[in-house]
Amino acid sequence: MVLSGATVVLPTGPVEGGQVIVDGTRISRTAPEHAQVVDVSGHYLVPGFVDLHNHGGGGASFTSGTVEEVLTGIATHRRHGTTTLVASTVTGDMDFLTHRAGLLSELAEQGDIAGIHFEGPFISPCRKGAHSEELLRDPDPTEVRKLVDAARGHAKMVTLATELPGGIDSVRLLAEHGVIAAIGHTDATYEQTVEAIDAGATVATHLFNAMPALGHRAPGPIAALLEDERVTVELINDGVHLHPAALELAFHHAGADRVAFITDAMDAAGFGDGRYMLGPLEVEVADGVARLVEGGSIAGSTLTLDRAFKRAVTVDGLPVEAAVAALSANPARLLGLADRIGSLEPGKDADLVLLDEQFDVRGVMRRGTWVVAPRLG
């Protein structure tokens, strides 16, 4: 198949009137004989989106749903352009989480997800957000290792409050095992955050959210995470979690190559308002905003990455190639998958999203197969 005439967003920038050649499951440099030509003029072709931090969607939870329900959540996000997804859990007791890791690792082995992200229980009660305080615990390296082992090689990221007892040793353990140590739900000082980065932490879990605000005498973790070139910062670009000025600040200081847009989505993403459970906590979703019934804390999001993309270019004024980097190339690199996904280059998986001139999804392809058939009318 040859997708012809679109503005193709490459790592070097947009190419008007370009084409993407799909041969089987991969992007090809040359078109096979008798290839079908599809005219997608007036549209954008961008790489499939990569979500590092996603708790569910379509009414299904990655923390508590059955295999069938988890697959429903994955399918929901695929229809919105997310062709690669890391399944995130929320805080639970250790036995539950290790059992959950086993179930999710099977889906990783089948290629349905790109791995597992453990958000909690090793986080600060001061910055717990939508996590159950009675289930929180210090990041004992032995317990961290237990979770990593339970994931059978598919643990991709663990979010830690690295200032807690055992935090720095746990960061070192994760780095030694090739697992991303992410600083988040933290009450750390600037100095403690620098220490964690030096120990091997490389990601800021939803920067600005669930951490101390930036201060002029006590700059806290935000300044340390933004200034260090070794750190990629997650941002939830839904218009609820971040003021546009905060997003602009992050891009200005970190640069487009160190930002990863995430959804932090919960069950209601792509499903609708109502009452849901996030781990053991009840959540009310109203007008697309998820908050805990008790206490009112923001409880994840109902975001899908196509909406994050559209907002980035139409509201935040980002160049389309910067949005592509934040949604595809940067998270693919973090996951160690940049040789397969994250850009529209020959030899890589044929994961792509077709967008119209208003940046709405008109087609989604994953590994050469249409998840959403092109809607060109």
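Scroll up to find the structure.
Conventions adopted
Residues numbered from 1 in each chain as written. Predicted model: local features only at pLDDT ≥ 70, side-chain atom pairs only at ≥ 80, totals over all residues. Heavy atoms only, no water. Phe/Tyr/Trp six-rings, centres within 6.5 Å; stacked < 30°, edge-to-face > 60°. Helix = DSSP H or I, 4+ residues; strand = E, 2+ residues; numbered from the N terminus. Buried < 20%, exposed > 50% of the residue type's maximum accessible area, 1.4 Å probe, protein only. Contact = heavy atoms within 4.5 Å. Pairing = 2+ DSSP bridges. Axes fitted to C-alpha atoms, helices over the stretch in contact; angles between N-to-C directions. Salt bridge = Lys/Arg side-chain N within 4 Å of Asp/Glu carboxyl O. Expected span 1.5 Å × (residues − 1). Polar contact = N/O pair within 3.5 Å; in protein donor to acceptor, adjacent residues only side chain to side chain.

Novice: Mind showing me how you'd approach the packing of aromatic side chains here?
Specialist: The way to describe two aromatic rings as a pair is by their centre distance and the angle between their planes. Scanning the model with the defined rule gives 4 aromatic pairs in all. Taking 6.1 Å as the distance between ring centres and 40° as the angle between the ring planes, the aromatic pair formed by Phe 309 and Phe 359 counts as tilted. A residue pair is termed long-range when its members are at least 10 positions apart, and Phe 309 in helix H8 (residues 305-314) and Phe 359 in the loop between strand E19 (352-355) and strand E20 (361-366) qualify at 50 residues. Judged on exposure class, the residue Phe 309 and its partner Phe 359 are both buried.

Novice: How do you make sense of the environment of Val 46 when you look at a structure like this?
Specialist: Mapped onto the elements, Val 46 comes out in strand E5 (residues 44-47). Setting aside chain neighbours within four positions, we find Val 46 in contact with Val 9, Phe 309, Val 324, Leu 344, Asp 351, Leu 352, Val 353 and Leu 355.

Novice: How should I be thinking about the sheet that holds strand E15 (residues 259-262) in this particular structure?
Specialist: Paired through their backbone hydrogen bonds, the strands of a sheet run either parallel or antiparallel. Strand order in this open sheet of 8 strands is E6-E9-E10-E11-E12-E13-E14-E15, and the pairing throughout is parallel. The open sheet is flanked by strand E6 (49-54) and E15, the only strands paired with a single partner. Summarising the sheet, strand E11 (residues 155-160) and strand E12 (residues 180-183) pair through 4 bridges and their orientation is parallel. Residue pairing for E12: Met 157 is matched across the bridge by Ile 180. Strands E6, E12, strand E13 (203-204), strand E14 (232-236) and E15 of the sheet are contacted by helix H9 (residues 320-334), whose axis makes an angle of about 70° with E6.

Novice: Got a minute to help me understand the pairing of strand E18 (residues 289-292) in this structure?
Specialist: Successive side chains on a regular strand alternate, one facing one side of the sheet and the next facing the other. Of the two faces of E18, the one lined by Ala 290 and Leu 292 is fully buried and the one lined by Val 289 and Arg 291 carries no buried residue. Pairing of strand E17 (residues 281-286) with E18, which is carried by 4 bridges, proceeds in the antiparallel orientation. Following the sheet pairing, Val 283 is matched in E18 by Leu 292. Once E17 ends, the chain turns through 2 residues before running back antiparallel as E18, passing Asp 287 with a positive phi of about 55°.

Novice: Would you explain the pattern of salt bridges in this entry?
Specialist: A side chain with one charge may pair with a side chain of the opposite charge, provided their charged atoms come close. Taken as a whole, this structure holds 17 salt bridges when the rule is applied. Between Arg 367 and Asp 349 there is a salt bridge, and its shortest N-O distance comes to 3.9 Å. Of the two residues, Arg 367 sits in the loop between E20 and strand E21 (369-372) while Asp 349 sits in the loop between H9 and E19, which places them 18 residues apart along the sequence. Among the ionic contacts, a cluster of salt bridges with common partners joins Arg 26, Arg 340, Asp 349 and Arg 367.

Novice: Can you help me understand helix H2 (residues 94-109) in this one?
Specialist: Within an α-helix, residues lying three or four positions from one another point in the same direction, as the helix has 3.6 residues per turn. Helix length check: H2 (16 residues) gives 22 Å between terminal C-alpha atoms against 22 Å at 1.5 Å per residue, within 8%. The set of residues buried in H2 consists of Met 94, Leu 97, Thr 98, Arg 100, Ala 101, Gly 102, Leu 103, Leu 104, Ser 105, Leu 107 and Ala 108. Buried-residue contacts for H2 involve strand E8 (60-61), helix H1 (67-79), strand E9 (82-89), strand E10 (116-119) and helix H3 (141-150). The backbone nitrogen of Asp 95 lies 3.3 Å from a side-chain oxygen of the residue at the head of H2, namely Asp 93. Just past H2, the residue Gly 111 takes up positive phi, approximately 85°.

Don't take any of this as a statement about function, it's just geometry.
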